[in-house]
Amino acid sequence: NPKPRVFRLIKDLAVINRYGFNSVGLEACERNLKAREAQRAVQPGVVGVNLGKNKTTPEADAGVDYSRGAVKLCEYADYIVVNVSSPNTP
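Residues numbered from 1 in each chain as written. Predicted model: local features only at pLDDT ≥ 70, side-chain atom pairs only at ≥ 80, totals over all residues. Heavy atoms only, no water.

### Topic: the environment of Lys3
- Mapped onto the fold, Lys3 is located in the segment before β1 (6-9).
- Spatially, the C-alpha atoms of Lys3 and Tyr19 are 9.0 Å apart, while their sequence positions differ by 16 residues. (Helix = DSSP H or I, 4+ residues; strand = E, 2+ residues; numbered from the N terminus.)

### Some words on the side chain of Lys53
- Secondary-structure assignment places Lys53 in the loop between β3 (48-51) and α2 (62-73).
- Within the buried core, Lys53 has no salt-bridge partner, and the shortest N-O distance to an opposite charge, that of Glu59, equals 4.3 Å.
- Polar contacts involving the side chain of Lys53 include one to the main-chain carbonyl oxygen of Thr57, which spans 2.8 Å. (Buried < 20%, exposed > 50% of the residue type's maximum accessible area, 1.4 Å probe, protein only. Lys, Arg positive; Asp, Glu negative; His and termini not counted. Salt bridge = Lys/Arg side-chain N within 4 Å of Asp/Glu carboxyl O. Polar contact = N/O pair within 3.5 Å; in protein donor to acceptor, adjacent residues only side chain to side chain.)

### Some words on the pairing of β1
- Pairing of β1 with strand β2 (residues 14-17) involves 4 bridges; the strand directions are antiparallel. When the bridges of β2 are listed, Leu9 appears paired with Ala14.
- In sequence, β1 turns back onto β2 through a hairpin of 4 residues, with Leu13 there showing a positive phi of about 55 degrees. (Pairing = 2+ DSSP bridges.)

### Observations concerning helix α1 (residues 26-39)
- A rise of 1.5 Å per residue sets the reference length of α1, with its 14 residues, at 20 Å; its end C-alpha atoms lie 20 Å apart and thus fit the reference within 8%.
- Within α1, the full set of buried residues consists of Leu26, Ala28, Glu30 and Leu33.
- At its buried positions, α1 is contacted by β3 and α2. (Expected span 1.5 Å × (residues − 1). Contact = heavy atoms within 4.5 Å.)

In structure tokens:
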């Protein structure tokens, strides 16, 4: 996304984030979360997973992407968010 990617709306007490929804893929995410799980005892914290469909996935098949991600990553997450309205994944 073009800059600025993050900016404040002072009057509205708001922040707009346009960083995008970049990802290296489901398998890489699972590897990272698995490694994080091994450290949880010494580095506790809340782990959230934000799922979105792939950019190339047709809207009619989006549920498959969401479901696959949730099933694969749920054991590592304290919560899961399904991002159904990302403007970056038309």
